[in-house]
Amino acid sequence: MKTFELTKKQLINSSMENVFNFFSKPENLKTITPEKLSFNILTPTPINMGKGTVIDYTIKLFGIPIHWRTLITNYNPPYEFVDEQIKGPYNFWHHTHKFKQVDGGVEISDRVIYSIPMGIIGRVLHFIWIKRDLEKIFSHRKKVIEDILVNKDSVEKNDFERNAK
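Just so it is clear, the model here is predicted, and its values are computed rather than measured.

Is there a simple way to explain the nonpolar core in this structure?
Nonpolar side chains tend toward joint burial in soluble globular proteins. Within the largest apolar cluster, 35 residues are counted, with the highest numbers of intra-cluster contacts made by V19, F23, Y90, F99, Y114, L134 and I145. Looking at which element gives the most residues to this core, the answer is helix α3 (residues 119–164), with seven residues. Ignoring sequence-local partners within four residues, the contact set of L134 consists of L6, Y90, W93 and Y114.

Where do I start with the environment of F62 in this structure?
Mapped onto the elements of the fold, F62 is located in the loop between β3 (54–61) and β4 (64–76). Through-space distance from the C-alpha of F62 to that of L37 is 8.7 Å; in sequence the pair is 25 residues apart.

How should the pattern of salt bridges be read in this particular structure?
The final tally for this structure, using the stated rule, is six salt bridges. Measuring nitrogen to oxygen at the nearest pair gives 2.5 Å for the salt bridge that ties K8 to E135. Highlighted residues: K8 in strand β1 (residues 4–12) and E135 in helix α3, separated in sequence by 127 residues. With a relative accessible area of 28%, E135 lands in the partly exposed category.

Looking at this model, I keep getting lost on the sheet that holds β4. Mind explaining?
The pairing of strands in a sheet happens through backbone hydrogen bonds and is either parallel or antiparallel. Pairing within the open sheet is antiparallel, and its seven strands lie in the order β1-β7-β6-β5-β4-β3-β2. For this open sheet the edge positions go to β1 and β2 (40–41), each flanked by a neighbour on one side alone. Here β1 runs beside strand β7 (residues 105–115); their pairing, made up of nine bridges, is antiparallel. Directly across from K8, in β7, lies its bridge partner D110. In this fold helix α1 (residues 16–23) packs onto β1, β4, β5 (80–87), β6 (92–102) and β7, with an angle of close to 160 degrees to the strand it touches most, β6.

It is not clear to me how the pairing of β3 should be interpreted in this structure. Could you clarify?
As a general feature of sheets, a regular strand has side chains that alternate between the two faces. Where β2 and β3 come together, two bridges link them in antiparallel fashion. Paired with I41 across the strands is Y57, a residue of β3. Where β3 lies against β4, eight bridges are found, and the strand directions are antiparallel. Residue pairing in the sheet places I55 in a bridge with T70 of β4.

Definitions and cut-offs
- Per-chain numbering applies: the sequence of each chain, read as written, is numbered from 1 onward.
- Note on the predicted model: pLDDT of at least 70 is required for a residue's local features to be given, and 80 or more for side-chain atom pairs to be given and counted; whole-chain, interface and lining totals, by contrast, use all residues.
- Where side-chain values are given, they derive from all heavy atoms of the structure, hydrogens and water being excluded.
- As used here, the term nonpolar core means buried Ala, Val, Leu, Ile, Met, Phe, Trp, Tyr and Cys residues forming a set that is joined through side-chain atoms within 4.5 Å.
- Each residue's exposure class comes from its accessible area (1.4 Å probe, protein chains only) as a fraction of the maximum for that residue type: buried when under 20%, exposed when over 50%, partly exposed otherwise.
- In this description a helix means any DSSP run of H or I spanning at least four residues, a strand means any run of E spanning at least two, and both kinds are numbered starting from the N terminus.
- Residue contacts are defined here by distance: any two heavy atoms, one from each residue, within 4.5 Å place the two residues in contact.
- Salt bridge criterion: a side-chain nitrogen from Lys or Arg within 4 Å of a carboxyl oxygen from Asp or Glu.
- A pair of strands is considered paired only if DSSP assigns at least 2 bridges between the two.
- Only C-alpha atoms enter the line fits that serve as axes; for helices the fit covers just the stretch in contact. Angles between N-to-C directions range over 0 to 180 degrees.

Structure below.
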């Protein structure tokens, strides 16, 4: 099985608590996923994240709904969690989310190891479409996460300063 790897890092000027709280709510996946994928959570909400949590959702690829089921296989708040695909469009999907307090805020690290179905055809599709599409999805996530978490902190700070006067 040929595997591929995608790694991304992002620095957010926010607290570990705010960042991890955002990521520990699977309901926020819809917010950070591009609209074109029509992301929809099937698991009843609110979802209590922890090791062993199963999350069902659908995405649309070329207008066709795809059922995706993930399992949280590691949960170590506020530092890390891992989701693995049980059912979905990939042969294998292992996504590690890490959070680290650094100067200037929180470093968010994503490492995805994945495998494409359909053998050589899947590899060709990966080369001409899937790899670039995943890059676009994670670029979208990065922008939305920055907008939400940095703006949220700014709003909360301004509210605090107004209330302190």
